[in-house]
Amino acid sequence: MTDIPLSKRRPIHGVAVDQGSGLAAALREARGAAARDDDLFLFKQLVARTMSTEATTLLVDAQYGRALLPEIATSCLPMLAFEADVYKIVNDDRITVLPDNLQVADYPALGVDVLKFFLYYGPNDDPRINDRKHKLVQQIGEQCREHGISFLFEPIVYDRAIPDSASAEFADRKPDLVARATRIFAQPEFNIAILKVELPVNLDFVEGIGTARMSRNDAEAAFRNAAEAAGDVPLLYLSAGVTFEQFEAGLKLARAAGVNMAGFMCGRAIWSDAIAVFGAEGPEAAERWMADEGLRRLRLLGEALA
């Protein structure tokens, strides 16, 4: 394991390939009749092998993580997700299902310094639901501290009163939701070493990027407010399914706002276009795409932080 923890590294250029059922479905659709049972692993393998040559950290999932770890370049810090499936939650309370093949105690023996845990979080939810979520995050944080593992936590905000998270109404509320969630989980009792957070604005509604519902000045203020809520806990921005161009613009907006971010963790915005190549031309062509266009995108995101 590395002597330099992730929370102390600057800047962090992270790539995530921890998606599960959603990515598997997209690959099946792209491959059609040529689909194979091992397509999901093969795709993850090519992402890990190519992107880790220049990424500072690479995130893999619990299901395939053990097999993917050897594919990660030695210069790249491996990160392992602690979820059964990013999209698998218990019920309407939106509580993440933990893996049945992995324990926090396994991380040191696997040579992994960083555990990532994802959770949907609604600051306006019933306090009883959020109390359960707080206790779960706290338990994972305590186990990470016990085993000498850095805890990276990823809260994705929602509001039950506005089911459509892509709507203009939710965009108006998102800055406050992100800031409140960040402030809560930056508290020391959670033992979180680094927060992986959403961009606090919906770029589709920001002046100069999408429809001008929010001015650029207000967007920059939203970035500053949400970042200040983290206190001394370092922040990584995640792409959360936006396009590459949007995520690049979002990082530049954060930089213009004066946010002292630790870096970024990007998944689909970098490699999602390779799914169609994988489907039409096969794994080797997708790997060539990743080594060319994928790495070019990673470099551009790095430049956006400068």
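All figures in this text were calculated on a predicted structure; none of them were measured in a lab.

Enquirer: Is there a simple way to explain the overall build of the protein chain in this structure?
Expert: From N to C terminus, the protein chain includes eleven helices and eight strands. Against the 2.2 N^0.38 benchmark of 19 Å for 306 residues, the protein chain shows a C-alpha radius of gyration of 18 Å, consistent with a compact globule. Oriented by its inertia axes, the alpha-carbon framework of the protein chain measures out at about 45 × 45 × 40 Å. The buried share of the protein chain, reckoned over its 306 residues, is 56%. In the protein chain, 70% of the contacts between residues at least 6 apart in sequence involve partners at least 24 apart. In the structure as shown, the protein chain presents an accessible area of about 13,000 Å², 47% of it carried by carbon and sulfur atoms. Treating the 33 positive side-chain charges of the protein chain as one cloud and the 44 negative ones as another, the clouds have centres 2 Å apart.

Enquirer: Can you help me understand the packing of aromatic side chains in this one?
Expert: Evaluated as defined, the whole model comprises twelve aromatic pairs. Measuring from centroid to centroid gives 6.4 Å for Phe82 and Tyr107, while their planes differ by 70 degrees, and the two rings are edge-to-face. Taken together, the residues span a long stretch of sequence, with Phe82 in the loop between strand S3 (77–81) and helix H4 (107–110) and Tyr107 in helix H4 at a distance of 25 residues. Accessibility expressed as a relative area gives 4% for Phe82, which makes it buried. Ring centres 6.1 Å apart and planes at 50 degrees place the aromatic pair Phe151 and Phe153 in the tilted group.

Enquirer: Quick question: what am I supposed to make of the packing of helix H1 (residues 21–31) against helix H2 (residues 39–51) here?
Expert: The geometry of a pair of packed helices is captured by two quantities: the angle between their axes and the separation between those axes. Two elements in contact, H1 and H2, have axes separated by 9 Å at closest approach and are oriented at 105 degrees. Compared by their axis directions, H1 and H2 come out roughly perpendicular. Contacts from Leu23, Ala24, Leu27 and Arg31 in H1 reach Asp39, Leu40 and Phe43 in H2. Across the contact of H1 with H2, the residue classes tally to five nonpolar, no polar and two charged.

Enquirer: Which parts of the structure should I look at to understand the nonpolar core?
Expert: In summary, soluble globular proteins display a tendency toward joint burial of nonpolar side chains. Grouped together as the largest cluster of nonpolar side chains are 92 residues, with contacts concentrated most on Phe43, Leu115, Tyr237 and Trp271. A total of nine residues in this core trace back to one element, the largest contributor, which is helix H11 (residues 283–305). Not counting the four nearest positions on each side in its chain, Phe43 is found in contact with Leu23, Leu27, Trp271, Ala274, Ile275 and Phe278. In terms of nonpolar packing, the next biggest core, distinct from the first, is built from 13 residues, Leu6, Met79, Ala81 and Met265 among them.

Enquirer: Teacher, can you tell me more about unusual backbone geometry here?
Expert: Where the residue is not glycine, phi is negative for most of them; where a peptide bond is considered, it is trans in most cases. Its identity as a non-glycine residue notwithstanding, Asn191 has a phi of 55 degrees, on the positive side. Within the secondary structure layout, Asn191 lies in the loop between helix H6 (168–185) and strand S6 (194–197). Positive phi, normally seen in glycine, also occurs at Ala240, with a value near 50 degrees. With respect to the helices and strands, the residue Ala240 is situated in the loop between strand S7 (235–238) and helix H8 (244–256).

Enquirer: Any chance you could explain the pairing of S7 here in plain terms?
Expert: Each regular strand carries side chains that alternate between the two faces of the sheet. Covered by surrounding structure in S7 are Leu235 and Tyr237 together with Leu236 and Leu238, the residues of both alternating faces. As paired strands, S6 and S7 are joined by three bridges and run parallel to one another. When the sheet's bridge partners are listed, Val197 is paired in S7 with Tyr237. With helix H7 (residues 216–228) bridging S6 and its parallel neighbour S7, the resulting β-α-β unit is right-handed.

Enquirer: Explain the pattern of salt bridges here, please?
Expert: Pairing of side chains with opposite charge becomes possible as their charged atoms draw close. Per the stated rule, a full pass over the model turns up 26 salt bridges. Residue Lys116 pairs with Asp18 through a salt bridge whose shortest N-O separation is 2.6 Å. Of this pair, Lys116 sits in strand S4 (residues 114–121) while Asp18 sits in the loop between strand S1 (12–17) and H1, placing them 98 residues apart in sequence. Of the two residues, Lys116 and Asp18, both sit in the buried class. A salt bridge links Arg297 to Glu293; the shortest N-O distance between them is 2.9 Å. Of this pair, Arg297 and Glu293 both sit in helix H11, separated by four residues, roughly a single helical turn. Take Arg297: its relative accessible area is 7%, and that puts it in the buried class. Take Glu293: its relative accessible area is 17%, and that puts it in the buried class. Through salt bridges that share partners, Asp18, Glu83, Lys116, Glu154 and Lys196 make up one connected network.

The rules behind the values
Residues numbered from 1 in each chain as written. Predicted model: local features only at pLDDT ≥ 70, side-chain atom pairs only at ≥ 80, totals over all residues. Heavy atoms only, no water. Helix = DSSP H or I, 4+ residues; strand = E, 2+ residues; numbered from the N terminus. Rg over C-alpha atoms; globule rule 2.2 N^0.38 Å. Buried < 20%, exposed > 50% of the residue type's maximum accessible area, 1.4 Å probe, protein only. Contact = heavy atoms within 4.5 Å. Areas by Shrake-Rupley, 256 points an atom, 1.4 Å probe, with all protein chains shown as cover. Lys, Arg positive; Asp, Glu negative; His and termini not counted. Charge placed at Lys NZ, Arg CZ, Asp CG, Glu CD. Phe/Tyr/Trp six-rings, centres within 6.5 Å; stacked < 30°, edge-to-face > 60°. Axes fitted to C-alpha atoms, helices over the stretch in contact; angles between N-to-C directions. Parallel < 35°, antiparallel > 145°, perpendicular 65-115°, else oblique. Nonpolar A, V, L, I, M, F, W, Y, C, P; charged D, E, K, R; others polar. Core = buried A, V, L, I, M, F, W, Y, C linked by side-chain atoms within 4.5 Å. Pairing = 2+ DSSP bridges. Right-handed = clockwise from strand over helix to strand, strands pointing away. Salt bridge = Lys/Arg side-chain N within 4 Å of Asp/Glu carboxyl O.

These figures capture arrangement, not role.
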